[in-house]
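Coordinate inspection notes
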Amino acid sequence: MKYMLLIHGASEKCTVDDWMDYGKALTDAGVWVASAPLADQSLTTSVQVTDGGETVVTDGPFAEAREVLGGYYLIDVPDLDAATDWAARCPGARFGGRMVVRPLVDFP
Amino acid sequence: MTGDVNASVEAIFREERGRLLAALVRRFGDLDLAEEVTSEAIEAALIRWPVDGVPASPGAWLMTTARRRAVDRLRRDQTYAARLALLQVEADRAAPPVADGVLPDERLRLFFTCSHPALPEADRGALTLRYLAGLTTAEVARAYLVPVETMAKRLVRAKKKISGARIPFRVPEPHELPARLPGVLQAIYSIFTEGYAASAGPDLVRHDLAEEALRLARILHRLLPGEREVTGLLALMLLTHARRAARTGPDGGLVLLEDQDRSLWDRAMIDEGEPLVVTALTGGPPGPYGVQAAIAALHDEEPTDWPQIVFLYDVLRSLTPSPVVDLNRAVAVAMRDGPEAGLALLDDLAAEPRLRGLHVYPAARGELLRRLGRSAEAATAFREALELVGSEPERRHLLARLDDLNG
């Protein structure tokens, strides 16, 4: 079962080494599928298409610092307990940050 | 004759439903399927047993029947089956019928699933009642005083999370237990407290619900005999429930501990609970349920040892600080040192937001003010409590206190 681990409000106290070690642990365990860090949220742009077919591009939206989505890991593990265990090991879970665990739709 | 068979069949189902369901969940890893075939097996038993007689091993008969139904269902629904290891299912079909007395007890896994931290706390007690105590959805709804449809929706939503997010059916590893066991204990205790001091409605104690909680605690205690907090929870519930008959008077009003008729206390339950308290508090640092059980044990003694109760509340406060513990401690201090001392402690809690909206705070204040002869202030506090109180026996008690003050 695939789970997306979303990194919200990661602290700057997490070092590059912390993130590298975590990524290595995921690949060593054979559960890593994909991952990516997102660039600074000040670079965020929204796009919506109105009922009239007009494309509207706007700056933002901007979340509060502790809610900013900073990146994700996609992992493949047997169940939610395994997913939350991996989320707990992520540097993003510490120093006031929060990991949000979402299962992917499981197509039979 | 048929009536006798039906009565014994019902009794067996009560006992077997949770076991059967847990064993089927373990085998097929799917709560919905397990639930359906459990019901079908029981229906089959209702038709067959009155004719053929109750089998020698009813549990094994039900398990064999349910497993066959599950396999039939999976064969019909291939997409569904594809998601549940089909090979295992085929092997299962070829397996011999369940032998007598070897039905494995898989309920511990189910306890942990129903109380999983990823499920809403408010639903964990309901899930435990439904799947481990074997209550119907309608019975669970009645227990929580909500419409059947509301409860059905909550259970369906929880079940969807269990299967959709794949919350596992497993017993946590020993190193995980300290984090996971309190959730299971809390779910059972929430059933007990819901039954005990019914937060709303005509009865102070909904005995059936408190007794379901006791039954669940006994099962858990058998499954985890070495866990001292499980022992502590069972002891706490036994020693509290022992006073049930004395807690309401002939008029249906609440009776405070000091006015209770001791002869109405359930001696057998106290005798069962007391040695469990000793076990719960021996062999390691005390846990919150063990300490609360010890407090309950002291309430069951005559005379009540208030200094010791105050000491235990201090211990409890260091383990699980909460304004409700502070409030109970203040009342115990009042009993030990007089109402003035207790009232001073209560006044310190006046601004506590977590006590706001609870009738117990003004009710306790009113009682201490009454004992100090400060009638006008006592009446104000009792009136405040009356606006917040939900249960009828407590309302009667407060009204009687007000009457005394006015008269």
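Source: prediction; values computed, not measured.

About the cut-offs
- Residues numbered from 1 in each chain as written.
- Chains lettered and ligands numbered in written order.
- Predicted model: local features only at pLDDT ≥ 70, side-chain atom pairs only at ≥ 80, totals over all residues.
- Heavy atoms only, no water.
- Helix = DSSP H or I, 4+ residues; strand = E, 2+ residues; numbered from the N terminus.
- Buried < 20%, exposed > 50% of the residue type's maximum accessible area, 1.4 Å probe, protein only.
- Contact = heavy atoms within 4.5 Å.
- Areas by Shrake-Rupley, 256 points an atom, 1.4 Å probe, with all protein chains shown as cover.
- Lys, Arg positive; Asp, Glu negative; His and termini not counted.
- Charge placed at Lys NZ, Arg CZ, Asp CG, Glu CD.
- Salt bridge = Lys/Arg side-chain N within 4 Å of Asp/Glu carboxyl O.
- Core = buried A, V, L, I, M, F, W, Y, C linked by side-chain atoms within 4.5 Å.
- Buried area = accessible area lost by both parts, 1.4 Å probe.
- Polar contact = N/O pair within 3.5 Å; in protein donor to acceptor, adjacent residues only side chain to side chain.
- Arc of directions from axis to C-beta.
- Axes fitted to C-alpha atoms, helices over the stretch in contact; angles between N-to-C directions.
- Parallel < 35°, antiparallel > 145°, perpendicular 65-115°, else oblique.
- Left-handed = near helix turned anticlockwise from the far one by under 90°.
- Nonpolar A, V, L, I, M, F, W, Y, C, P; charged D, E, K, R; others polar.
- UniProt positions renumbered as here; feature names shortened; annotations may be inferred.

**A few points about the overall build of chain A**
Regarding its fold elements, chain A presents two helices and six strands. Helices and strands appear in chain A in the N-to-C order β-α-β-β-β-β-α-β. With the C-alpha coordinates of chain A rotated into their principal frame, the extents come out at 50 × 40 × 20 Å. Sorting the 108 residues of chain A into buried and exposed places 29% on the buried side. Considering only contacts within chain A whose residues lie at least 6 apart along the sequence, 73% involve residues at least 24 apart. Carbon and sulfur atoms provide 55% of the accessible area of chain A, an area that totals close to 6900 Å². In chain A, 8 side chains carry a positive charge and 16 a negative one; their mean positions are 6 Å apart.

**A closer look at the pattern of salt bridges**
On inspection of all chains with the given rule, the structure shows 38 salt bridges over all chains. Here Asp28 of chain A and Lys24 of chain A are joined by a salt bridge, their closest N and O atoms 2.8 Å apart. With Asp28 of chain A and Lys24 of chain A both in helix α1 (residues 16–28) and four residues apart, this pair spans about one turn of that helix. Of the residues examined, Asp28 of chain A reaches a relative accessible area of 56% and is grouped as exposed. The exposure class of Lys24 of chain A is partly exposed, given its relative accessible area of 49%. With a shortest N-O distance of 2.9 Å, Arg109 of chain B and Glu106 of chain B are connected by a salt bridge.

**What about the nonpolar core?**
By size, the foremost hydrophobic cluster in this structure holds 115 residues, and its most contacted members are Leu5, Ile75 and Trp86 of chain A together with Leu129, Ile188, Leu220 and Met237 of chain B. For this core, the element with the highest residue contribution is helix α10 (residues 177–196) of chain B, accounting for nine residues. The residues contacting Leu129 of chain B, other than those within four sequence positions of it, are Gly134, Leu135, Val140, Ala143, Tyr144, Ile191, Leu209, Glu212 and Leu216 of chain B. Counting residues in hydrophobic clusters, the runner-up holds 21 residues, among them Leu349, Ala363, Ala379 and Leu402 of chain B.

**Things to note about the interface of chain B and chain A**
Across the boundary between the two partners, chain B contributes 12 residues, which contact 10 residues of chain A. For the pair chain B and chain A, the two sides together bury roughly 860 Å², of which 53% comes from carbon and sulfur. Our enumeration of links across chain B and chain A arrives at two salt bridges. Counting across the interface, chain B meets chain A through five residue pairs in polar contact (both at pLDDT 80 or more).

**A closer look at helix α17 (residues 339–348) of chain B**
Residue and element names in this part refer to chain B. Taken residue by residue, α17 has Gly342, Leu343 and Leu346 as its buried positions. Across the axial projection of α17, the buried residues extend over an arc of 100°, all falling on one side. Projecting away from the buried face of α17 at angles above 90 degrees are the exposed residues Glu340 and Asp348. In this structure, the buried residues of α17 make contact with α16 (323–337) and α18 (360–371).

**Here we look at unusual backbone geometry**
Peptide bonds are, in most cases, trans, and in most cases residues other than glycine have a negative phi. In this model, Gly60 of chain A is joined to Pro61 of chain A through a cis peptide bond whose omega is 5°. Position of Pro61 of chain A among the secondary structure elements: in the loop between β4 (55–59) and β5 (69–76). Here the bond from Glu302 of chain B into Pro303 of chain B is cis, since omega is 0°, no more than 30 degrees from zero. Mapped onto the elements of the fold, Pro303 of chain B is located in the loop between α14 (288–299) and α15 (306–319). One non-glycine residue, Phe95 of chain A, lies in the positive phi region at around 55°. Take Phe95 of chain A: it is sitting in the loop between α2 (80–89) and β6 (98–103). A positive phi angle, near 55°, is found at Arg166 of chain B, a position not held by glycine. Mapping Arg166 of chain B onto the fold places it in the loop between α9 (148–164) and α10.

**A short note on the side chain of Arg124 of chain B**
Residues and elements named next belong to chain B. Relative to the assigned elements, Arg124 resides in helix α7 (residues 121–131). In this structure, Arg124 is buried with no salt-bridge partner, the nearest side chain bearing the opposite charge being Glu121 at 4.9 Å. A polar contact of 3.4 Å, which involves the side chain of Arg124, links it to the backbone oxygen of His116. If we skip the residues at most four places from it in the chain, Arg124 touches Cys114, Ser115, His116, Pro117, Leu119 and Ala187.

**Describing the packing of helix α6 (residues 107–114) of chain B against α7 of chain B**
All names here are of chain B. At a closest axis distance of 9 Å, the pairing of α6 and α7 adopts a crossing angle of 150°. One element, α6, and the other, α7, form an angle in the roughly antiparallel class. The hand of the α6/α7 crossing is right-handed. For the pair α6 and α7, contact is made by Leu110, Phe111 and Cys114 and by Arg124, Leu127, Thr128 and Tyr131, respectively. Considering only residue class, the contact of α6 with α7 consists of five nonpolar, one polar and one charged.

**Some points on the UniProt feature "domain: YCII-related" (unreviewed entry) in chain A**
When the UniProt feature table is mapped to this numbering, "domain: YCII-related" (unreviewed entry) covers residues 1–106 of chain A. Within the segment residues 1–106 of chain A, helix and strand shares are 22% and 35% respectively, and the terminal C-alpha atoms sit 7 Å apart.

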